[in-house]
Amino acid sequence: MYVVTEFILLGLTRDAGKQKAVFGVFLILYLATLSGNFLIVVTIKISRTLGSPMYFFLFYLSFADACFSTTTAPRLIVDALAQKKTISYKECMTQVFAAHFFGCMEILVLILMAFDRYVAICKPLRYTTIMSRHMCSVLVILAWVGSCIHSSAQIFLALRLPFCGPNVIDHYFCDLQPLLKLACMDTYVTNLLVVSNSGAICTVSFIILLISYVVILYSLRNHSAEGRRKALSTCTSHFIVVVLFFGPCIFIYTRPPTTFPIDKTVAVFYTIGTPLLNPLIYTLRNMEVKKAMKKLWCSKV
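Computed from a predicted model, the values in this text were never measured in an experiment.

Bringing the sheet that holds strand 2 (residues 86-88) into the picture now. Read across the open sheet, the three strands follow the order 2-1-3; overall the sheet is mixed. Strand pairing shows two members of the sheet lacking a second neighbour, strand 2 and strand 3 (168-169), which therefore form its edges. Bridging between strand 1 (residues 6-9) and strand 2 involves three bridges; their strand directions are antiparallel. The partner of isoleucine 8 across the bridge, within strand 2, is threonine 86. Strands in contact with helix 3 (residues 89-122) are strand 1, strand 2 and strand 3; relative to strand 2, the strand with the most contacts, it is inclined by about 85°.

Here you go:
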């Protein structure tokens, strides 16, 4: 029996002219993503004014964003100009693990950031006690562990899939949904497990975040106008990131084993778009980060 040892990635388009455009556009986007997230990571690490839990979590969100984008963007960029767009079986499985690990890490850190805002706004007197540095470190460690459990479950499902015929993946990176179409077995049960794992994590996390925002908005009615403005500014940034990330994720991972032509475009939003927009949203809408960056980088120059 023929066993597949490599896959062919079709990428975003098969048109030679458009592939050159894909190379140029996504190379710029990827470099901008790395630069923006690296800037936030270094600024928070060095700056003394950004020591609050919110920036502690933002540090890990930017780190996860840079890594998450790196799992898919370089392959897309290189394949745009390559004649032979192949990826080995081992590389494909590694990409599945890494994409789900850093994607889940981003989800869990976003939940931690929402929890931080909830405590800051709803329990301000107990904020420093609840959100101590030790507690923040424990929460981040739990997020790493949770991400590892999730991605291990995904890779376990992927490794169990037998590939004995078709090896052309109509996508720009390896993921379980397109791989299920190529498997030489009935994938109904496997797809249910994917939906109950990835789909449930996306949907439940999104619902938890929405509930936290409703509670926060309800609590703001007792705050001063200035307090409401500041809290809403922070929460609005967070909410924009959540919608941009979870909308596409829920669309991809919470449905029956079918693929649509639009899937690749939707995937671009959460694998490349969100990691790029996060640093822009959190810096452009946050005066503290902008001041810290100015002070730090102007003094360096």
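Still more to cover.
This brings us to helix 7 (residues 188-219). The first and last C-alpha atoms of helix 7 sit 45 Å apart over 32 residues, in line with the 46 Å expected at 1.5 Å per residue. Of all the bends in helix 7, the largest measures some 35° and sits at alanine 200.

Right, let's talk about helix 1 (residues 16-46) for a bit. Along its 31 residues, helix 1 runs 45 Å from first to last C-alpha, staying within 8% of the 45 Å computed at 1.5 Å per residue. Buried within helix 1 are the following residues: Gln19, Val22, Phe26, Tyr30, Thr33, Gly36, Asn37, Ile40, Val41, Val42, Thr43 and Ile44. For helix 1, the capping residue at the N-terminal end is aspartate 15, with a side-chain oxygen 2.9 Å from the backbone nitrogen of glycine 17.

Right, let's get into the UniProt feature "transmembrane region" (unreviewed entry) in the protein chain. The sites that UniProt annotates as "transmembrane region" (unreviewed entry) are residues 21-42, 54-77, 97-115, 136-157, 198-220, 232-253 and 265-284. Between the end C-alpha atoms of residues 54-77 there is a gap of 33 Å, over a span that is 100% helix and 0% strand. Taken as a whole, residues 136-157 contains 100% helix and 0% strand, while its terminal C-alpha atoms sit 32 Å from one another.

Under the criterion given, the structure shown has two disulfides. The disulfide pattern of the protein chain is 1-3, 2-4 when the bonded cysteines are numbered in sequence order. Distance from the sulfur of cysteine 202, which forms no disulfide, to the nearest cysteine sulfur (cysteine 249) is 4.2 Å. Given a relative accessible area of 4%, cysteine 202 falls into the buried group.

So, about the nonpolar core. Of all hydrophobic cores here, the largest spans 64 residues; its most connected members are Phe57, Leu58, Phe246 and Tyr270. Mapped onto this core, the elements with two or more residues apiece are helix 1, helix 2 (53-81), helix 3, helix 5 (133-159), helix 7, helix 8 (225-253), helix 9 (263-284) and helix 10 (287-300). Ranked by residue count, the leading element in this core is helix 2, at 14 residues. Contacts of leucine 58, omitting those with residues within four sequence positions, involve Ile40, Ile44, Met113 and Tyr282. Residues Met93, Ile155, Cys174 and Leu176 belong to the second largest nonpolar core, which totals 20 residues.

So, how was this worked out
- Residues numbered from 1 in each chain as written.
- Predicted model: local features only at pLDDT ≥ 70, side-chain atom pairs only at ≥ 80, totals over all residues.
- Heavy atoms only, no water.
- Pairing = 2+ DSSP bridges.
- Helix = DSSP H or I, 4+ residues; strand = E, 2+ residues; numbered from the N terminus.
- Contact = heavy atoms within 4.5 Å.
- Axes fitted to C-alpha atoms, helices over the stretch in contact; angles between N-to-C directions.
- Expected span 1.5 Å × (residues − 1).
- Bend = angle between axes of the 7 residues up to and from the residue.
- Buried < 20%, exposed > 50% of the residue type's maximum accessible area, 1.4 Å probe, protein only.
- Polar contact = N/O pair within 3.5 Å; in protein donor to acceptor, adjacent residues only side chain to side chain.
- UniProt positions renumbered as here; feature names shortened; annotations may be inferred.
- Disulfide = S-S within 2.5 Å.
- Core = buried A, V, L, I, M, F, W, Y, C linked by side-chain atoms within 4.5 Å.

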